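Summary of the model geometry
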Amino acid sequence: MTARPATTSARSVEEHRDRVEQLLRPLAARDVEDAGTAEALGRRLAEEVRAPVDLPVFRNSGMDGYAVRAESVAVTPVTLPLAGIVAAGQPGQAPLPPGAAMKVMTGAPIPPGADCVVPVEDTRAGDGTVTIERGRKTGDFVREPGTDVHAGDLLVPAGTLLAPRHIAALAAVGLATLPVFRRVAAAVLTTGDELMPAGKPLRPGQIYNSNGIALGAALAANGVEVVSIEHSTDDPGEFRRKLGAATRAADVVFTSGGVSKGDFEVVKDVLAGIGGEFGSVAMQPGGPQGLSVVEGVPVLSFPGNPVSTMVSFEVFARPILRELSGLPPVPKHDVPLRDSVRSPAGRRQFLRGRLEPGGVAPTSGPGSHLIAAMAQADVLIEIPAEVTELAAGSTVKVWEL
Ligand code: AMP
Ligand code: MG
C-alpha cells in the first residue's frame, strides 16, 4: 500500500478523473497473448497478420455450371460431350478433353485445360451431353488463386480492433489463433450485509446485488476482462480477505458500497486505514469516491446506490478504460433540453436522459436508487455545478451510455 494522506475536501470531477487516469494509465503497457480466432472478436491485434496462403487457394469455379474451353463455345448453341462432374471438395485433377465439357459446382476445382465456366442457367443437359446456349470468354467465372490476397501480403494491420469482417478474412486463411493484446484484467468486489445474489429468494430487509453484475457488464462492454465478481458482507475481516484475492488476480479492482457516512462503511474503514483517498467529489450522483493502491493495484471505490455506481463508472472509469482497450472515446453531443430542469448548486449533475425528436428528456428525478428508470435512458445529461435551473430549449451536453 502506498502511503498517501486521506482527503476530506470536495474534489472537482476533473481532479478525481485525472487521479484515476494517472493510476490506470500505466496498465496500457500490455503483453501479447494468443486468442482463438473464434474468441477474438473485439480484441486488438498486436501484430500485423500476413496471408499464409493465397486466396482463392486454388483455381475454382465461381458458378454451378460447365467448365469448357472458350473456343468450344464460340458459336452457340453447341452440344458437347460431358466428360465428368466435379463437386466442391474434390481434388479435380482429371483434365478436360479437348472439345468436351465438365460439370462443376461453385467452389470446385476447374479441370486443367478448361478456361471458363458456362453457368447452368445457360445450358440444357442431354444424355451424356450438354447443350450450351450462350458462349463465354476465357476467364469467365474462373476464380484464379491469389486474386483476393497473395500469400505474404498484408491481411490485417497491427492494432486493428477485430470486427466480424476481420475475423472472416483471418479464418479464411486458416489461422486458428491470433496475437492480440492482453486485456486489462479487472475484479469487482461489492459490499453490504443486505445483498442477495440474483436467483435467490429475498428475506425481509434484503435486496438483490445488482452492482456486481452491472459493473461486470460495464467493464466487459469496454474491452476489459472481468476476472472475478465477488461479494463481501460489511465485516472488515471478510472484506480484507476478498480484497486481497481481488488484488492478486487483477490489474485493477472496483468496489461498490461502504464509502459514505453511515455506521458500517467497510470499504472506507479498511482502505482509508491503509492510505486510501476517500472524500467527496462535487457531483451528483456519485459524490463519495475512494481511490487506493493495494499491493500496487489501483482500487476504485464507488458508492453503492446502483445509479451512483453506474454514473461513477461512466464518469471516472469508462474514458480511460476505453483508451487502454483501444476503443473510440464515448460520444458526447450538444442537444436541446425538451423539458426544464432544476439542479442543486455546487455539484455537477448527471441526469439520466433519453434522446427524443424534440431534444433530450430526463427519464427520472435525481434519486440515485432509480435504476429501473436508468434502463430507459440512452444518455447522461451533464448539468454544470453552478447551474440551478435550465429552461426547456437550453443546450446541454449529453454523454452516450
Ligand atoms: P452504501 O453505499 O453501501 O451505503 O449503499 C447505498 C445504497 O445502495 C443502499 O441502499 C444499498 O442497499 C445499495 N447498494 C449497495 N450495494 C449494492 C449492490 N451491490 N447492488 C444493489 N444495491 C446496492
Ligand atoms: Mg453498504
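Since we're looking at a predicted model, the values are computed, not measured.

A volume near 440 Å³ is recorded for the largest pocket. Lining the largest pocket are 31 residues; nearest its centre among them are Gly 257, Pro 303, Gly 304, Asn 305 and Pro 306. Put simply, the parts of the chain that give the lining of the largest pocket at least two residues each are strand E15 (207-208) and helix H6 (306-325). Among the residues making up the lining of the largest pocket, the classes are represented as ten nonpolar, 17 polar and four charged. Looking at the lining of the largest pocket, you find at least three residues from each of domain 1 (13-29 + 183-325) and domain 4 (332-400).

Turning to the UniProt feature "domain: MoaB/Mog" (unreviewed entry) in the protein chain, a few remarks are in order. As recorded in UniProt, the sites labelled "domain: MoaB/Mog" (unreviewed entry) are residues 187-323. Annotation note: span residues 187-323, helix share 36%, strand share 30%, distance between end C-alpha atoms 19 Å.

With that out of the way, let us pick up the sheet that holds strand E6 (residues 101-104). Taken together, the six strands give an open sheet; going across it, the order is E7-E4-E6-E5-E9-E8, and neighbouring strands pair in mixed fashion. Single-partner strands in this sheet number two, and they are strand E7 (116-119) and strand E8 (123-125). Neighbour-to-neighbour, the strand axes of this sheet turn through a mean angle of 40°, independent of strand direction. Direction of pairing for strand E5 (residues 78-86) relative to strand E9 (residues 129-132): antiparallel, over a ladder of four bridges. Paired with Val 78 across the two strands is Ile 132, which belongs to E9.

This part is about empty space enclosed by the protein. Evaluation of the coordinates by the stated rule reveals two cavities of 30 Å³ or more. Lining the largest cavity, in full, are Arg 30, Gly 42, Arg 43, Arg 44, Phe 181, Arg 183, Val 184, Gly 223, Leu 324 and Ser 325. Its residues assigned to classes, the lining of the largest cavity shows three nonpolar, three polar and four charged. Mapped onto the domain boundaries, the lining of the largest cavity takes at least three residues apiece from domain 1 (13-29 + 183-325) and domain 2 (32-54 + 150-181).

Here we come to the domain arrangement of the protein chain. Under the domain assignment, the protein chain is made up of domain 1 (13-29 + 183-325), domain 2 (32-54 + 150-181), domain 3 (60-143) and domain 4 (332-400). Distance from the C-alpha centre of domain 1 to the C-alpha centre of domain 4: 25 Å. Each side of the interface is counted separately: domain 1 has 15 residues, and domain 4 has 16 residues. With both sides pooled, the region where domain 1 packs onto domain 4 buries about 1400 Å², and carbon together with sulfur makes up 59% of that total. At the surface where domain 1 touches domain 4, the tally comes to one salt bridge. Of the charged contacts in the structure, one is a salt bridge between Arg 348 and Glu 14, with a shortest N-O distance of 2.8 Å. Summed over the shared surface of domain 1 and domain 4, the result is eight residue pairs in polar contact (both at pLDDT 80 or more).

Looking now at a nonpolar patch on the surface. Residues Val 53, Val 57 and Phe 58 make up a contiguous nonpolar surface patch of about 240 Å² in total accessible area. On the secondary structure map, Val 53 appears in the loop between strand E2 (49-50) and strand E3 (60-61). Using a relative accessible area of 30% as the deciding quantity, one classes Val 53 as partly exposed.

Our focus in this paragraph is the environment of Arg 347. With respect to the secondary-structure elements, Arg 347 resides in the loop between strand E23 (341-342) and strand E24 (348-356). With 303 residues separating them along the chain, Arg 347 and Arg 44 place their C-alpha atoms 38 Å apart.

This part takes up unusual backbone geometry. Cis geometry is found at the peptide bond from Leu 55 to Pro 56, where omega equals -15°. Residue placement: Pro 56 occurs in the loop between E2 and E3. Gln 284 connects to Pro 285 through a cis peptide bond whose omega is -5°. On the secondary structure map, Pro 285 appears in the loop between strand E19 (283-284) and strand E20 (288-294). Unlike most non-glycine residues, Phe 141 shows phi in positive territory, near 60°. Considering the arrangement of structural elements, one finds Phe 141 in the loop between E9 and strand E10 (142-143). The residue Glu 295 is not glycine, and still its phi comes out positive at about 50°. Tracing the backbone shows Glu 295 in the loop between E20 and strand E21 (297-302).

Conventions adopted
- Residues numbered from 1 in each chain as written.
- Chains lettered and ligands numbered in written order.
- Predicted model: local features only at pLDDT ≥ 70, side-chain atom pairs only at ≥ 80, totals over all residues.
- Heavy atoms only, no water.
- 1 Å grid on protein atoms, 1.4 Å probe; cavity = no way out; pocket = protein on both sides within 12 Å on 5 of 7 lines; lining within 4 Å.
- Points joined across faces, edges and corners; volume = space filled by probe spheres on them.
- Helix = DSSP H or I, 4+ residues; strand = E, 2+ residues; numbered from the N terminus.
- Nonpolar A, V, L, I, M, F, W, Y, C, P; charged D, E, K, R; others polar.
- Domains from an automatic or database assignment.
- UniProt positions renumbered as here; feature names shortened; annotations may be inferred.
- Pairing = 2+ DSSP bridges.
- Axes fitted to C-alpha atoms, helices over the stretch in contact; angles between N-to-C directions.
- Contact = heavy atoms within 4.5 Å.
- Buried area = accessible area lost by both parts, 1.4 Å probe.
- Salt bridge = Lys/Arg side-chain N within 4 Å of Asp/Glu carboxyl O.
- Polar contact = N/O pair within 3.5 Å; in protein donor to acceptor, adjacent residues only side chain to side chain.
- Patch = residues over 30% accessible without salt bridge, like charges linked within 9 Å, V, L, I, M, F, W, Y side chains within 5 Å.
- Areas by Shrake-Rupley, 256 points an atom, 1.4 Å probe, with all protein chains shown as cover.
- Buried < 20%, exposed > 50% of the residue type's maximum accessible area, 1.4 Å probe, protein only.

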